[in-house]
Amino acid sequence: MDPRFALWPAAALTFNAFVWGVSWWPFRRLDALGLHPLWATVVIYALAVVVLVVARPGVWREVLRHRGLWVLVLASGTTNAAFNWAVTIGDVVRVVLLFYLMPLWAVLLARPLLGERLHRGAAARVGLSLAGAVVVLWPADGGWPLPRTLAEALGLLGGVTFALNNVMLRREAQRSEAARAAAMFTGGVLVAGVLALVLTSTGRVGAPPPPAPGWALGVLAMGVAFLASNLALQYGAARLAAHATAVIMLTEVVFASVSAVALGAGAPTLQALAGGALIVAAAAMAALARTPAR
């Protein structure tokens, strides 16, 4: 592609990465106003579902006909619920780094779901990802390098389901873009909604506050931002090579880390930087790798 024509797709993908990279801040602001990130996720994605219902009312028949899209509902919904909750309550830098262990889980899931063999390059990426995770999670007082907070566990879970989400998008590539988008947005409503209802009924999560301009306008703005970022992703990904798309999307780590450190929501420790370098290197290798023969 002529570089002049690649500029706008690259800018669109960068915008998508920016929206997700700094989304932790508005989620925290909404939480401070009494709207838990799970409930915020439900409302934000419900707005997107309403738009889809109006624009493509027949798309739901396609979703219901294909079980692979049901898996996408679960994977996407869990990804969004876990990530949004984690960046609201935890160290944003650590959460994002653990979330981007995604190449490790993608390699492990690609074999049973896509039939891809584990070749040497993939094994190297697994090794780098694991090494990075060990460095990030290694406790200062010794012990096993395991998640020690809810946010860290949610970050890891979100990365696993994000990998499943991406693998299923490849597996269901023959479905329409509208059907895949509907599955993903619906998942954000259903998974976060069910979890929020269960936790609210047990008193672990507060019920949504009465409608008020403060949080209602914030949710509306986030809904518009997420819809715009999704359109930007589809525009950019359709016009650039897959490896270029993946590399540009890694800027989300930069946006999240820089904004978190600047606003006091993350700590740029040497340990996090070292582990993050290994994790990002593994993700970059995955982005640049050619798809192996099956």
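To be clear, the structure that these remarks concern was listed above.
Residues numbered from 1 in each chain as written. Predicted model: local features only at pLDDT ≥ 70, side-chain atom pairs only at ≥ 80, totals over all residues. Heavy atoms only, no water.

A. Representation of helix 3 (residues 37-55). For helix 3, with 19 residues, the first-to-last C-alpha span of 27 Å sits near the 27 Å given by 1.5 Å per residue. Restricting attention to buried positions, one finds in helix 3 the residues Pro37, Leu38, Trp39, Ala40, Thr41, Val42, Ile44, Tyr45, Ala48, Val49 and Leu52. (Helix = DSSP H or I, 4+ residues; strand = E, 2+ residues; numbered from the N terminus. Expected span 1.5 Å × (residues − 1). Buried < 20%, exposed > 50% of the residue type's maximum accessible area, 1.4 Å probe, protein only.)

B. Up close: the packing of aromatic side chains. If you walk through the whole model with that rule in mind, you get nine aromatic pairs. A ring pair is formed by tryptophan 20 and phenylalanine 226, whose centres lie 4.6 Å apart and whose planes are at 40°; its orientation type is tilted. Pair noted here: tryptophan 20 is in helix 1 (residues 3-21) and phenylalanine 226 is in helix 11 (residues 213-237), with a separation of 206 residues, a long-range link. Overall, tryptophan 20 belongs to the buried group, its relative accessible area being 18%. When the ring of phenylalanine 27 is compared with that of phenylalanine 226, the centres are 6.4 Å apart and the planes differ by 35°; the resulting orientation is tilted. With a gap of 199 residues between them, phenylalanine 27 in helix 2 (residues 24-32) and phenylalanine 226 in helix 11 connect regions that are remote in the sequence. Accessibility classification places phenylalanine 27 together with phenylalanine 226 in one group, the buried group. Cluster of aromatic residues (ring-pair linked, three or more members): Trp20, Phe27, Tyr45, Phe83, Phe99, Tyr100, Phe162, Phe185 and Phe226. (Phe/Tyr/Trp six-rings, centres within 6.5 Å; stacked < 30°, edge-to-face > 60°.)

C. Fine view of the packing of helix 8 (residues 120-137) against helix 14 (residues 270-288). In contact at an axis separation of 8 Å, helix 8 and helix 14 are set at 160° when each is read in the N-to-C sense. Taken as axis vectors, helix 8 and helix 14 run roughly antiparallel relative to one another. Remark: the crossing between helix 8 and helix 14 carries left-handed chirality. Where helix 8 abuts helix 14, its residues Gly121, Ala124, Arg125, Leu128, Ser129, Ala131, Gly132, Ala133, Val135, Val136 and Leu137 lie against Gln271, Ala272, Ala274, Gly275, Gly276, Leu278, Ile279, Ala281, Ala282, Met285 and Ala286. By residue class, the composition of the contact of helix 8 with helix 14 is 15 nonpolar, six polar and one charged. (Axes fitted to C-alpha atoms, helices over the stretch in contact; angles between N-to-C directions. Parallel < 35°, antiparallel > 145°, perpendicular 65-115°, else oblique. Left-handed = near helix turned anticlockwise from the far one by under 90°. Contact = heavy atoms within 4.5 Å. Nonpolar A, V, L, I, M, F, W, Y, C, P; charged D, E, K, R; others polar.)

D. Quick look at the environment of alanine 225. As for its placement among the helices and strands, alanine 225 is situated in helix 11. Relative accessible area serves as the criterion here: at 26%, alanine 225 is assigned to the partly exposed category. Through-space distance from the C-alpha of alanine 225 to that of alanine 272 is 29 Å; in sequence the pair is 47 residues apart.

E. Local environment of helix 7 (residues 102-114). At leucine 108, helix 7 is bent by approximately 30°, the largest bend along its length, and proline proline 112 sits one to four residues beyond. Turning to helix 7, its buried residues number three or more, namely Met102, Pro103, Leu104, Ala106, Val107, Ala110 and Leu114. The inward-facing, buried residues of helix 7 abut helix 6 (92-99), helix 8, helix 9 (150-171) and helix 14. Of the residues trailing helix 7, glycine 115 is marked for its positive phi of about 75°. (Bend = angle between axes of the 7 residues up to and from the residue.)

By themselves, these are just geometric observations and shouldn't be taken as functional.
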